[in-house]
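Here's the letter readout for the chains.
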Amino acid sequence: MSHVSRGRSRGVIAAAATAAVLLLAGCGSGDASGTTTVKGGVTLVKPGQLTVCTHLPDPPFQSERDGEVVGFDVDLIDLVAADLGVKQVIVDGPFETIKTGAALNARQCDIAAVGMTITEERKKNLDFSAPYFDADQAVLARAGTGISTADDLKGHKLGSMSSTTGEDYLRGKGLDPQSFVSVDAQLNALRTGQVDAIVQDSPVVTEWLKDPSNAKFRIALSVKTGEQYGFAVRKGGDGALLKAVNTALADAKADGTYKKLYATWFGAAPGGSAS
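Residues numbered from 1 in each chain as written. Predicted model: local features only at pLDDT ≥ 70, side-chain atom pairs only at ≥ 80, totals over all residues. Heavy atoms only, no water.

Chemist: Got a minute to help me understand the overall build of the chain in this structure?
Modeler: Each helix and strand counted, the chain has 9 helices and 17 strands in total. Contacts spanning at least 24 positions in sequence make up 69% of the contacts within the chain whose residues lie at least 6 apart. Here the chain displays about 11,900 Å² of accessible surface, and carbon together with sulfur accounts for 52% of that area. (Helix = DSSP H or I, 4+ residues; strand = E, 2+ residues; numbered from the N terminus. Contact = heavy atoms within 4.5 Å. Areas by Shrake-Rupley, 256 points an atom, 1.4 Å probe, with all protein chains shown as cover.)

Chemist: Looking at this structure, how should I read the packing of helix α1 (residues 72–84) against helix α8 (residues 239–255)?
Modeler: Axis angle and axis distance: for two packed helices, these are the angle between their axes and the distance between the axes, and together they describe the pair. Where α1 contacts α8, the two axes come as close as 9 Å, and the packing angle between them is 115 degrees. As the angle between them shows, α1 and α8 are arranged roughly perpendicular. Judged by the twist between their axes, the crossing of α1 over α8 is right-handed. Contacts between α1 and α8 pair L76, L79, V80, D83 and L84 from the former with L241, A244, V245, A248, L249 and A252 from the latter. Class assignment for the residues of the contact of α1 with α8 results in 10 nonpolar, no polar and 1 charged. (Axes fitted to C-alpha atoms, helices over the stretch in contact; angles between N-to-C directions. Parallel < 35°, antiparallel > 145°, perpendicular 65-115°, else oblique. Left-handed = near helix turned anticlockwise from the far one by under 90°. Nonpolar A, V, L, I, M, F, W, Y, C, P; charged D, E, K, R; others polar.)

Chemist: Looking at this structure, I do not really get the packing of aromatic side chains. What am I missing?
Modeler: Any pair of aromatic rings gets described here by the distance separating the centres and the angle formed by the planes. For the coordinates displayed, the defined rule picks out 16 aromatic pairs. Look at Y132 and Y229: their rings are 6.2 Å apart centre to centre, the planes differ by 55 degrees, and that puts the pair in the tilted class. Of this pair, Y132 sits in the loop between β11 (126–128) and β12 (133–142) while Y229 is found in strand β16 (residues 217–229), placing the two residues 97 residues apart along the sequence. With respect to burial, Y132 and Y229 carry one shared label: buried. The rings of F61, F72, Y132, F133, Y229, F231, Y258, Y262 and F266 are connected pair by pair, giving a single aromatic cluster. Above the ring of Y258, the side-chain terminus of K253 is found at 5.3 Å from the ring centroid. (Phe/Tyr/Trp six-rings, centres within 6.5 Å; stacked < 30°, edge-to-face > 60°. Buried < 20%, exposed > 50% of the residue type's maximum accessible area, 1.4 Å probe, protein only. Lys NZ or Arg CZ within 6 Å of the ring centre and 35° of its normal.)

Chemist: I would appreciate a short explanation of the pairing of strand β15 (residues 197–201) in the present structure.
Modeler: Along any regular strand, the residues point their side chains to alternate faces of the sheet. Across the 5 residues of β15, 5 count as buried, placing the element largely inside the fold. Bridge count for β12 against β15 is 5 bridges, and the pairing is antiparallel. In the sheet register, A138 faces β15, and the bridge partner there is Q200. Strand direction decides the pairing type here: strand β13 (residues 158–161) and β15, joined by 2 bridges, are parallel. (Pairing = 2+ DSSP bridges.)

Chemist: Got a minute to help me understand the nonpolar core in this structure?
Modeler: Side chains of a nonpolar character, in soluble globular proteins, are inclined to be buried together. Residues L50, F72, I111, M116 and F231 are the most contacted members of the largest nonpolar core, which totals 59 residues. Examining the composition of this core, we find that 7 residues originate from one element, α8, more than from any other. Not counting residues within four places of it along the chain, the set of residues in contact with F231 comprises D73, L76, I77, I111, A112, A113, D127, F128, S129, Y132, V245 and L249. With 13 residues, the next largest nonpolar core counts V139, A141, Y169 and A220 among its residues. (Core = buried A, V, L, I, M, F, W, Y, C linked by side-chain atoms within 4.5 Å.)

Below you can see the structure in the form of structure tokens.
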């Protein structure tokens, strides 16, 4: 299904959906495989669109609001799509297939925008853009759990999102968290008492705490990680697209667009190297 927001069109397709997607007319030259070459020699898997893999929800980076996918990542990728003369179409799928490069290698999408931390391990399977966001980790806990340090996590039931750096952090402390496949499942486990605390990226936790229904939880522990997010393309396969992404990010930072978008989603001017 397609949506229009702030003058730019974008759509979202469930990974398992069987409905056909109406494509826009091609904006460049095509070939027998159905791919299209557009501005800067960028080759797209579907004519007329920049197909983006993500894993919903992950507010404030990507989440559905009134039937539309919105967020900081979405707005940044809209800039790339506009530069290429196409629209952004979002495909929701498992994080595991995104971080391993499987979704991109299978040509399910052109680029991954999923609030993904750049790591050396992931660089083996993906080519990352320049960093666009500095992100630390936070432990969200029920009030009264007594958690205020990493040592306090021992003896508590903990939850993490599968295949994330937050999960790696807990396991690196010798802990055995329950693994969840989405941030919604993770938060629900905390709400229903399945776990006492969960670890997640700080901006996601901050977004959760804006909801009055989460008032009984608190950030028990902040973890300075030095982590940075990047957009990702196929390893060794999409240099022209990667250049286009980095150019769009650099232009947005130079003309103030990045700062405005950051303020829209995070309520404060950005700081740190990614800005």
